[in-house]
Amino acid sequence: MIGFYDYTVILTYLGALCGLLGISMSIHGLYVNAILCMAGALVCDTLDGMVARNKKNRTRGEMLFGIQIDSLCDLVSFGACPAVMFYMLGMRAPADMALLGAYCLCCVIRLGYFNVLAMEAELGTKGDYHGLPVVCLDVMIPAVYLLFRLVPQGYSLWVLRAAAALFGFLYILDFKVKKPVLWKFIAMGAVVVVPMVILFIWFPA
C-alpha cells in the first residue's frame with residue numbers, strides 16, 4: 001500500500017473528515033453544526049503538527065508526506081468547506097460563484113507556497129508565516145455568520161462577499177505574520193467561542 005501509516009497522520013485525516021462533514025451539514029442547512037465541524041478541523045490542525053514533531057525517528061519520507069497531506073486536508077476544511085457554506089447561504093449569482101472560486105484558488109496558492117517554504121526550510125516551517133494562514137476564515141466564521149444573521153437581509157450577503165474577498169486576498173498577499181504563542185491561541189479561541197455561544201442561544205439552526 002502506498003502512503004505512510006502511523007499515529008501522526010490520524011489528526012490530519014480527522015481534520016479533513018470534519019471538513020467533509022461540515023460540507024454535508026451546510027448542504028442540509030445545518031449551519032451552526034457546519035461551524036462546529038470547522039472548529040473541530042481547527043483543533044485537529046492545531047494539534048497534528050505538535051504530535052508529528054514529538055514523534056522520534058521520523059523519516060524524511062514521513063516528514064514530506066506529512067507536509068503534503070496537511071495542506072491537502074486544509075484545502076477541504078478551510079477552502080471548500082466555508083465556500084460551500086457561503087454558497088448555500090445565498091452566494092449563487094455568477095459573480096458570487098466567481099468570487100468563491102477565486103477564494104478557493106487563493107487557498108490553493110497559499111497552501112502550495114507554504115509547502116515550498118516548508119521544504120526549503122529543511123522540512124520545517126521556521127520563522128514567520130508568509131501571508132495569512134488559511135485557517136483564519138474558519139477562526140472568524142462564527143463571527144461572520146453571526147453578523148450575517150444580524151444585519152438587515154438586503155445587506156447580509158455582502159458580509160459573506162466581504163469575508164471571502166478579504167481573506168482570499170490576505171492569503172496571497174506577501175506579508176509576514178508572527179506564529180501564534182499561547183496567549184494568541186487563547187484569544188483565537190475566544191473569537192470562536194463567544195459567537196458560538198450566541199449562535200446556540202439565538203440561532204440554533
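The structure under discussion appears in the preceding block.
Residues numbered from 1 in each chain as written. Predicted model: local features only at pLDDT ≥ 70, side-chain atom pairs only at ≥ 80, totals over all residues. Heavy atoms only, no water.

Novice: Which parts of the structure should I look at to understand unusual backbone geometry?
Specialist: Excluding glycine, residues mostly have negative phi values, and the peptide bonds linking residues are mostly trans. If you check the backbone angles, Asn57 has positive phi at about 60° while not being a glycine. With respect to the element layout, Asn57 can be found in the loop between α2 (31-53) and α3 (60-88). With relative accessibility at 72%, the residue Asn57 sits in the exposed group. (Helix = DSSP H or I, 4+ residues; strand = E, 2+ residues; numbered from the N terminus. Buried < 20%, exposed > 50% of the residue type's maximum accessible area, 1.4 Å probe, protein only.)

Novice: Sorry, what's going on with the packing of aromatic side chains here?
Specialist: Between two aromatic rings, the relevant description is the distance of the centres plus the angle of the planes. Inspection of every chain in the model, using the stated rule, returns 5 aromatic pairs. Seen from their ring centres, Tyr103 and Tyr171 are 5.7 Å apart, and the 50° between their planes marks the pair as tilted. One end of the pair, Tyr103, is in helix α4 (residues 94-120); the other, Tyr171, is in helix α6 (residues 153-172), with 68 residues separating them in the sequence. For Tyr171, a relative accessible area of 1% corresponds to the buried category. Ring pairing ties together the aromatic residues Tyr31, Tyr145 and Phe148, which thus form one cluster. One cation-aromatic arrangement involves Arg92 over Tyr87; the distance from NZ or CZ to the ring centre is 4.9 Å. Above the plane of the ring of Trp158 lies Arg161, whose end atom (NZ or CZ) is 4.5 Å from the centre. (Phe/Tyr/Trp six-rings, centres within 6.5 Å; stacked < 30°, edge-to-face > 60°. Lys NZ or Arg CZ within 6 Å of the ring centre and 35° of its normal.)

Novice: Looking at this structure, I do not really get the nonpolar core. What am I missing?
Specialist: What tends to happen in soluble globular proteins is that the nonpolar side chains get buried as a cluster. With 37 residues, the main nonpolar core has Met85, Phe86, Tyr145, Phe167 and Tyr171 as its most contacted residues. Among the secondary structure elements, those contributing two or more residues to this core are α2, α3, α4, α5 (136-150), α6 and α7 (182-202). Broken down by element, the residue count for this core peaks at 8 residues, all from α5. Those residues in contact with Phe167, other than ones at most four positions away along the chain, are Tyr103, Leu132, Cys136, Leu137 and Met140. (Core = buried A, V, L, I, M, F, W, Y, C linked by side-chain atoms within 4.5 Å. Contact = heavy atoms within 4.5 Å.)

Novice: When you look at the packing of α3 against α4 in this model, what are you seeing that I'm missing?
Specialist: Any two packed helices are characterised by how steeply their axes cross, that is the angle between the axes, and by the distance between the axes. Viewed as axis vectors pointing N to C, α3 and α4 meet at an angle of 165°, and their least axial separation amounts to 10 Å. Between α3 and α4, the angle falls in the class roughly antiparallel. Where α3 crosses over α4, the handedness of that crossing is right-handed. Contacts between α3 and α4 involve Leu64, Ile67, Gln68, Ser71, Asp74, Leu75, Phe78, Gly79, Pro82, Ala83, Phe86 and Tyr87 from the former and Met97, Leu100, Tyr103, Cys104, Cys107, Val108, Leu111, Phe114, Asn115, Ala118 and Met119 from the latter. Each residue belonging to the contact of α3 with α4 can be placed in one class, and the counts come to 18 nonpolar, 4 polar and 1 charged. (Axes fitted to C-alpha atoms, helices over the stretch in contact; angles between N-to-C directions. Parallel < 35°, antiparallel > 145°, perpendicular 65-115°, else oblique. Left-handed = near helix turned anticlockwise from the far one by under 90°. Nonpolar A, V, L, I, M, F, W, Y, C, P; charged D, E, K, R; others polar.)

Novice: Teacher, can you tell me more about the pattern of salt bridges here?
Specialist: Oppositely charged side chains are able to pair whenever their charged atoms sit close together. Within the structure shown, the criterion is met by 1 salt bridge. Between Arg161 and Asp96 there is a salt bridge; the shortest N-O distance is 2.7 Å. Taken together, the positions of Arg161 in helix α6 and Asp96 in helix α4 put the pair 65 residues apart, joining distant regions of the chain. Looking at Arg161, the relative accessible area reads 17%, which means it is buried. (Salt bridge = Lys/Arg side-chain N within 4 Å of Asp/Glu carboxyl O.)

Novice: What is the right way to read a nonpolar patch on the surface from this model?
Specialist: Judged by side-chain polarity, Tyr7, Ile10, Leu14, Leu17 and Leu20 come together as a nonpolar surface patch covering roughly 490 Å² of accessible area. Tracing the sequence through the fold places Leu20 in helix α1 (residues 10-27). Residue class for Leu20 comes out partly exposed when judged on its relative accessible area of 46%. (Patch = residues over 30% accessible without salt bridge, like charges linked within 9 Å, V, L, I, M, F, W, Y side chains within 5 Å. Areas by Shrake-Rupley, 256 points an atom, 1.4 Å probe, with all protein chains shown as cover.)

Novice: Looking at this model, I keep getting lost on the side chain of Asp6. Mind explaining?
Specialist: Following the sequence through the fold, Asp6 ends up in the segment before α1. A polar atom in the side chain of Asp6 sits 2.3 Å from the side chain of Thr8. Look past the residues within four positions of Asp6 in its chain and what remains in contact with it is Lys55 and Glu62. (Polar contact = N/O pair within 3.5 Å; in protein donor to acceptor, adjacent residues only side chain to side chain.)

Novice: In this structure, what is going on with the packing of α2 against α3? I would like to understand it.
Specialist: Where α2 meets α3, the axes come as close as 11 Å, and the angle between the chain directions of the two elements is 165°. When the interaxial angle is binned, α2 and α3 end up roughly antiparallel. Both α2 and α3 take part in a crossing whose hand is left-handed. Facing Tyr31, Ile35, Met38, Ala41, Leu42, Asp45 and Asp48 of α2, the residues of α3 in contact are Asp70, Asp74, Ser77, Phe78, Cys81, Pro82, Met85 and Met88. Across the contact of α2 with α3, the residue classes break down as 10 nonpolar, 1 polar and 4 charged.

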